Amino acid sequence: MKIVVVGINHAGTSAIRTLLSINPNAEVVAFDRNNNISFLGCGIALTVSGVVKNTNDLFYSNPDELKSMGAKIFMNTDVVEINREEKFVRVVDLETNKERTESYDKLIYAAGSWPVDLHFKNQDLENIEVCKLYQHALKLIEKANDPNIKKVAVIGAGYIGVELAEAYAEKGKQVALIDFLPRVLGNYYDESFTNKLEDAMVKNGVTLHLGQKVSEFVPNSKGAVSKVITDKETIEADLVILCIGFKPNTELLPGLKKVQNGALVVNRKSQTSDENIYAIGGCAAIYEASTKTYRNIDLATNAVKLGIVAASQICGLENIVIPNIVGTNAICVFGLKYASTGVNEEVAKKFGLKVKAAHYVDNDRPEWMNTVEKVEVKLVYEEETLRLVGAQILSFGDANHTEWIFSLALAIQLGLNLYQIAFTDVYFLPHLNKPFNFVLSAILKSLGMKYIK
C-alpha cells in the first residue's frame, strides 16, 4: 500500500512515525512546502522573551530522521492538486519549478492552517508580522532585540497574542493589546477569570484596547508601520503582530464535508467523507463532546493524536480511534496559571446549551499548614442533566493545580454529570490538599450541600 502525506508538521510527523513504526515496509511519500518540520510554535513567545535561548531546541524531529525510518520526504514542495477520482497528487518543486504527479492508495491530509488575513489597509508595510512558523519566530526575536522598536501592538487577545504581549513587555517594550472582543481569552474563560489576567497585564505595563476593530495601518516616512487605526482610537506602534486566528488549509479538497470555517469533518478513525483520505491536525474538525458538534480546535495535542489514529487505521489497527475531543488547553502568563476544557458559559450558550455554573475559590490546603496558595475553579454544566460541559482552573502563586483539568476533561469526554464526578476517588494529604478539594467543593456548593464553609 502506498500512502501519500500532505504536510509534515506536528500531525504529519506523528502519522509518518506511527506508520513506519507499525509497518517499516510501508511505502510512505510525504510533501511539505516549508524547509523544516516539527517546530513547536508554542515556544515562540518564550524565545522572544529570552527564556528559550536557542530556537533549534524547539524542533523534535527533522526530515533526515523520517528518511532514516524509510519515508520519502520532499521539502520545499507544494501540493497544488489532489485528484480523488484517479487518486494522485500533483506537486511543484518550489526550487526548480518542476511539476510531477504521485499516485496513492491512501492519502493523509495534514496541510494545517494559516493565519487569518482580514486585508487591513496598508497591511504590507514593513514591521507588520504574523506568528506561525520558525521563520516568523526568527523575525520576532530579531525585532524584540531591536532598540529602535519601542512600541509593539499585538492584534488578537487569544493565547498567542497574550503570550506575545507578555514576552515583549518583559523585553522592555511598550505593548498595546488590541481585540474586537471585550475581554482577553474570551473564548476560553469567563469574566471572573479574565478580569484577574487583565489586571495582571495592566500592572505589568500592557495597555488593553478591547472591544475595538482595526481598520488600517499608517506608514512612517520610511515605509514602516507607525500607527494602528481602530474604530475608537489611534495607537502608535513600531511593530505590529497579527494574531487574529487561523484558517484551515482545505482548498485542495473542495468536495468533502466541512464545517463552517472550512475544516474537514472526520470520523473517529480520522477519515474524511472520502474513505481513502484522512485529515489530521489543524485542517480537521473532530466531534467535540461538550457541544456534541464537529469543531475545528487547532491544538498540537489534537494533531499528534489524529496522526497516530490515521496511521494506525491505515495499518489495520482498527481499535485505535479518537471518539471525541474537548479542547483542553492552558496558559501561564504574568505568574498566573490557567487551564480550561470544554466550553465556558458564553460559548455554551452560543451553542444553545442551557447551563449553570459552580464557582469556587479556596486555599489549596488546610490553613494550619501555615503556607497556602489560592486556587479558583469554575464548572459549567447542563441545567437539567447536570452533565459537565466545561471547566476552568486558575492556580495562584508557586503551586500548580491546573493538572486537575485532565480529570475534568475526561469527565466531559465520558459524559459524566456532577454526581458522578463528586465521587471521584481522590486522596487527602494535608501537605497537598484539603479533605474536600476545590473541585469537589465546587460541586457540593452547586448541589446545595453545606459540608463546606
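What you see is a predicted model; the values in this text were computed from it and never measured. All residue numbers here refer to positions counted from 1 along the written sequence of the relevant chain. The predicted origin of the model limits local features to residues at a pLDDT of at least 70 and limits the giving and counting of side-chain atom pairs to 80 or more, whereas totals for whole chains, interfaces and linings rest on all residues. Hydrogen atoms and water are omitted, and side-chain values are computed over all heavy atoms in the structure.

Draft legend 1. Representation of the overall build of the protein in the model. Going along the chain from the N terminus, every DSSP run of H or I of four or more residues is numbered as a helix, and every run of E of two or more is numbered as a strand. Tallying secondary structure elements over the protein gives 11 helices and 26 strands in all. As a reference, a globule follows 2.2 Å times the number of residues to the power 0.38, and the radius of gyration itself is taken over C-alpha atoms. Against the 2.2 N^0.38 benchmark of 22 Å for 453 residues, the protein shows a C-alpha radius of gyration of 23 Å, consistent with a compact globule. Expressed as a percentage of its 453 residues, the buried residues of the protein come to 53%. Two residues qualify as a contact provided that any one of their heavy atoms is within 4.5 Å of a heavy atom in the partner residue. In the protein, once contacts between residues fewer than 6 apart in sequence are set aside, the share between residues at least 24 apart is 63%. Accessible areas in this description were obtained via Shrake-Rupley with a 1.4 Å probe; residue shielding takes into account the shown protein chains only. As displayed, the protein offers around 20,900 Å² of accessible surface, 50% of which is attributable to carbon and sulfur atoms. Averaging the coordinates of the 48 positive side-chain charges in the protein and doing the same for the 52 negative ones gives two points 3 Å apart. For every residue, the accessible area obtained with a 1.4 Å probe (protein chains only) is divided by the maximum for its type, and the residue is called buried under 20%, exposed over 50%, and partly exposed between those limits. Neither His nor the chain termini are counted; the positive set is Lys and Arg, and the negative set is Asp and Glu. Positions of charges follow a simple convention, taking NZ of Lys, CZ of Arg, CG of Asp or CD of Glu.

Draft legend 2. View of the packing of aromatic side chains. Here a Phe, Tyr or Trp ring, Trp counted by its six-membered ring, pairs with any other such ring whose centre lies within 6.5 Å, and the pair is stacked when the planes are under 30 degrees apart, edge-to-face when over 60, and tilted otherwise. If you walk through the whole model with that rule in mind, you get 10 aromatic pairs. Measuring from centroid to centroid gives 5.5 Å for Phe-39 and Tyr-134, while their planes differ by 65 degrees, and the two rings are edge-to-face. In this pair, Phe-39 is assigned in the loop between strand 2 (27-31) and helix 2 (44-49) and Tyr-134 in helix 4 (residues 134-144), connecting sequence segments 95 residues apart. A single burial state applies to Phe-39 and to Tyr-134, both of which are buried. Ring geometry for Trp-404 versus Phe-438: centroids 6.4 Å apart, planes at 65 degrees, classification edge-to-face. Of this pair, Trp-404 sits in helix 9 (residues 404-413) while Phe-438 sits in helix 11 (residues 438-446), and the two are 34 residues apart along the sequence. Residue classification places Trp-404 among the buried positions, given a relative accessible area of 18%. With relative accessibility at 6%, the residue Phe-438 sits in the buried group. Ring-pair connections join several aromatic residues into one group, and the members of that group are Phe-39, Phe-59 and Tyr-134. Charges are assigned to positions over rings by a cutoff of 6 Å between ring centre and Lys NZ or Arg CZ, combined with an angular limit of 35 degrees from the ring normal. Just above the ring of Phe-74 sits the side chain of Arg-100; from NZ or CZ to the centre is 4.6 Å. The aromatic ring of Phe-246 is capped on one face by Lys-132, whose charged end is 4.7 Å from the ring centroid.

Draft legend 3. Highlighting the environment of Val-28. Relative to the helices and strands, Val-28 is located in strand 2. For the pair formed by Val-28 and Val-5, sequence separation is 23 residues and the distance between their alpha carbons is 7.3 Å.

Draft legend 4. Structural context of helix 9. Those residues of helix 9 not exposed but buried are Trp-404, Ile-405, Leu-408, Ala-409, Ala-411 and Ile-412. Projected down its long axis, helix 9 shows its buried positions confined to an angular sector of 160 degrees, all on one face. Structurally, helix 9 contributes buried residues whose contacts are with strand 23 (336-342), strand 25 (374-382), strand 26 (388-395), helix 10 (418-422) and helix 11. Note on helix 9: the residue one or two positions beyond its end, Gly-415, has a positive phi of about 75 degrees. Note: the arc covers the axis-to-C-beta directions of the helix.

Draft legend 5. Structural view of the pairing of strand 20 (residues 284-288). With respect to burial, strand 20 is a largely interior element, four of its five residues being buried. Whether two strands pair depends on DSSP finding at least two bridges between them. The sheet contact formed by strand 20 and strand 21 (residues 293-295) spans three bridges and is antiparallel. Bridge assignment links Tyr-287 to a residue of strand 21, and that residue is Tyr-294. Between strand 20 and the antiparallel strand that follows it, strand 21, lie four residues; Lys-292 among them carries a positive phi value of about 60 degrees.

Draft legend 6. Region of interest: the nonpolar core. To qualify as a nonpolar core, a set must consist of buried Ala, Val, Leu, Ile, Met, Phe, Trp, Tyr and Cys residues joined through side-chain atoms within 4.5 Å. Ile-16, Val-89, Leu-107, Ile-108 and Tyr-109 are the most contacted members of the largest nonpolar core, which has 49 residues in total. By residue number, the principal contributor to this core is helix 7 (residues 300-314), which donates six residues. The contact partners of Val-89, leaving out residues within four places of it in the chain, are Val-4, Phe-31, Val-79, Glu-81, Ile-82, Arg-100, Thr-101, Glu-102, Tyr-104 and Leu-107. Counting 44 residues, the second largest nonpolar core, distinct from the first, contains Phe-39, Ala-165, Leu-210 and Ile-331.

Draft legend 7. Here's a closer look at the side chain of Thr-250. Tracing the backbone shows Thr-250 in the loop between strand 17 (246-248) and strand 18 (264-265). Among residues more than four places away in sequence, those in contact with Thr-250 are Tyr-109, Lys-258, Gly-262, Ala-263, Leu-264 and Cys-283.

Draft legend 8. Inspection of the pattern of salt bridges at higher detail. Salt bridge criterion: a side-chain nitrogen from Lys or Arg within 4 Å of a carboxyl oxygen from Asp or Glu. A full pass over the atoms with the stated rule returns 19 salt bridges. Note that Lys-247 is salt-bridged to Glu-251, the shortest N-O span being 3.5 Å. Accessibility expressed as a relative area gives 40% for Lys-247, which makes it partly exposed. Judged by its relative accessible area of 56%, Glu-251 falls in the exposed class. The salt bridge involving Arg-295 is made with Glu-288; its shortest N-O contact spans 3.3 Å. Judged by its relative accessible area of 21%, Arg-295 is partly exposed. Connected through salt bridges with shared partners, the residues Lys-2, Arg-100 and Glu-102 form a single ionic network.

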